[in-house]
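The chain contents come next:
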Amino acid sequence: MEKYSAYSLFKHALGHHENWQRQWRNPEPKKHYDVIIIGGGGHGLATAYYLAKNHGIHNIAVIEKGYLGGGNTGRNTTIVRSNYLWDESAQLYEHALNLWEGLSQDLNYNVMFSQRGVLNLGHTLQDMRDIERRVSANRLNGIDGKVLDVDGVRRIVPILNTSQNARFPVLGASWQPRGGVARHDAVAWGYARGADGLGVDLLQQCAVTGFEISGNQVQGVVTNRYGTIEADRVGCVVAGNSGVLAGYAGFELPIESHPLQALVSEPIKPVLDTVVMSNQVHGYISQSDKGDLVIGAGIDSYTGYGQRGSFTTIEHTLAAIIELFPIFSRVRMNRQWGGIVDTTPDACPIMGASPVENLYLNCGWGTGGFKATPGSGHVFAECLASDDIPQLARPFNLQRFYSGALIDEHGAAGVAH
């Protein structure tokens, strides 16, 4: 029997995916759909899949201005966890994590979900107090988590610099064993494949340039490729461009869009088998299955839509990462990039109805978008399938910014952004 190396198998799989992307069909759209979903990323495709699978709605179009999974879904650092502080967030992300655990089997497509655990480091006494509070809140919500001292951290990541003379001395950490990573674009492809098999039309290279609205009720969308396409309901799932589409519909959203910086290194042999995050240094790191070190940084202070790198932010993060992991000081950077983060004042998403009737919003996820993908699609599909907003989505309505019932996750969820 011929033997293959892990690298040759990976290259074969990657070539298969690239060939699949090139050959993906672009069907001629219908004149009218029950539901149009704007945005062919992970959340939009998951919504279409669950609408068809769970609610029996198959007359659906997903409209994507580029190619499927080519936006933020393909530009994130792939971390999956549910250890958020507030009940509303924790329950939504735990719902997503439960779906992650069976996602490859459900889609019959390997999304490469690896539950290697997530460490959130504490560097100060206040960090440790926050960690104890968050882990206690998680356990009250039935979410796995532990508080580790420095010896416990050292046992899990022996290559981490735990010297008390470090600029950011490690005092301990929170540990969620069920957290981990997944293959970002494979998630989008898996949902696309599943949705297509259920009869959903996937329209690529087609930008939405406006809405057809009559009497404050959405009637369809205007596109640059197919003109007007009518629909009974429209779901807007376009991440950092949500404010732009809201403008097309005549209202504003409490959202700012910022480039979020990240990078990967050259491939090296396996040395890091978990995810390490640090609030103080504003960075996080894991190692991919092909050996790259995947490093996430902070968001740029300015607003923008550029999906490109900003070396000032990267430089700060790398200095801190190298102090935490001196073993990586001579590893070369391979590439860097920026994703678009759409963040609300309370760092939590907006899910549910918009000021325009039958136009629904799913946006404002900040840095939590990827890990929420299955849960977001599952819950938002229920929003679009009926007039009743599901319980998990109700706290994340747009009205909270008028009533003041915010869910403030800033700095509470183990990262500073």
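Residues numbered from 1 in each chain as written. Predicted model: local features only at pLDDT ≥ 70, side-chain atom pairs only at ≥ 80, totals over all residues. Heavy atoms only, no water.

## Topic: the overall build of the protein chain
- Of the regular secondary structure elements, the protein chain holds eleven helices and 18 strands.
- Taken over C-alpha atoms, the radius of gyration comes to 21 Å for the protein chain, in line with the 22 Å a tight globule of 417 residues would show.
- Overall, the C-alpha framework of the protein chain stretches about 65 × 60 × 40 Å when taken along its three principal axes.
- Residue burial in the protein chain is summarised as follows: out of 417 residues, 57% are buried.
- Taking the intrachain contacts of the protein chain between residues at least 6 apart in sequence as the baseline, contacts between residues at least 24 apart amount to 76%.
- Treating the 33 positive side-chain charges of the protein chain as one cloud and the 39 negative ones as another, the clouds have centres 8 Å apart. (Helix = DSSP H or I, 4+ residues; strand = E, 2+ residues; numbered from the N terminus. Rg over C-alpha atoms; globule rule 2.2 N^0.38 Å. Buried < 20%, exposed > 50% of the residue type's maximum accessible area, 1.4 Å probe, protein only. Contact = heavy atoms within 4.5 Å. Lys, Arg positive; Asp, Glu negative; His and termini not counted. Charge placed at Lys NZ, Arg CZ, Asp CG, Glu CD.)

## Some thoughts on a nonpolar patch on the surface
- There is a patch of nonpolar side chains on the surface, built from Val244, Tyr248 and Tyr305 and spanning about 270 Å² of accessible area.
- Assignment of secondary structure puts Tyr248 in helix H8 (residues 242-248). (Patch = residues over 30% accessible without salt bridge, like charges linked within 9 Å, V, L, I, M, F, W, Y side chains within 5 Å. Areas by Shrake-Rupley, 256 points an atom, 1.4 Å probe, with all protein chains shown as cover. Salt bridge = Lys/Arg side-chain N within 4 Å of Asp/Glu carboxyl O.)

## Looking at helix H7 (residues 184-197)
- Taking 1.5 Å of rise per residue, the 14 residues of H7 would be expected to cover 20 Å, and the 21 Å separating its terminal C-alpha atoms lies within 8% of that figure.
- Most of H7 is tucked away, with eleven of its 14 residues classed as buried.
- Listed in full, the buried residues belonging to H7 are His184, Asp185, Ala186, Val187, Ala188, Trp189, Gly190, Tyr191, Ala192, Gly194 and Ala195.
- Positive phi appears at Gly199, one or two residues downstream of H7, with a value of about 95°. (Expected span 1.5 Å × (residues − 1).)

## Comments concerning the sheet that holds strand S12 (residues 256-265)
- With mixed pairing, the eight strands of this open sheet are ordered in space as S5-S6-S4-S13-S14-S15-S12-S16. Whereas interior strands pair on both sides, the edge strands pair on one side only; in this sheet they are strand S5 (146-149) and strand S16 (333-343). Between one strand axis and the next, the sheet turns by 20° as a mean value, whatever way the strands run.
- Note: S12 against strand S15 (residues 293-299), four bridges, orientation antiparallel. Its bridge partner being in S15, Val264 is matched across the sheet by Val294.
- Those strands touched by helix H5 (residues 125-140) are strand S4 (118-122), S5 and strand S6 (172-176), and its axis lies near 140° from that of S4.
- On top of the sheet, helix H9 (residues 311-324) reaches S4, S12, strand S13 (275-278), strand S14 (283-287), S15 and S16; it is set at about 125° to S15, its chief contact. (Pairing = 2+ DSSP bridges. Axes fitted to C-alpha atoms, helices over the stretch in contact; angles between N-to-C directions.)

This is a description of form; function is not addressed.
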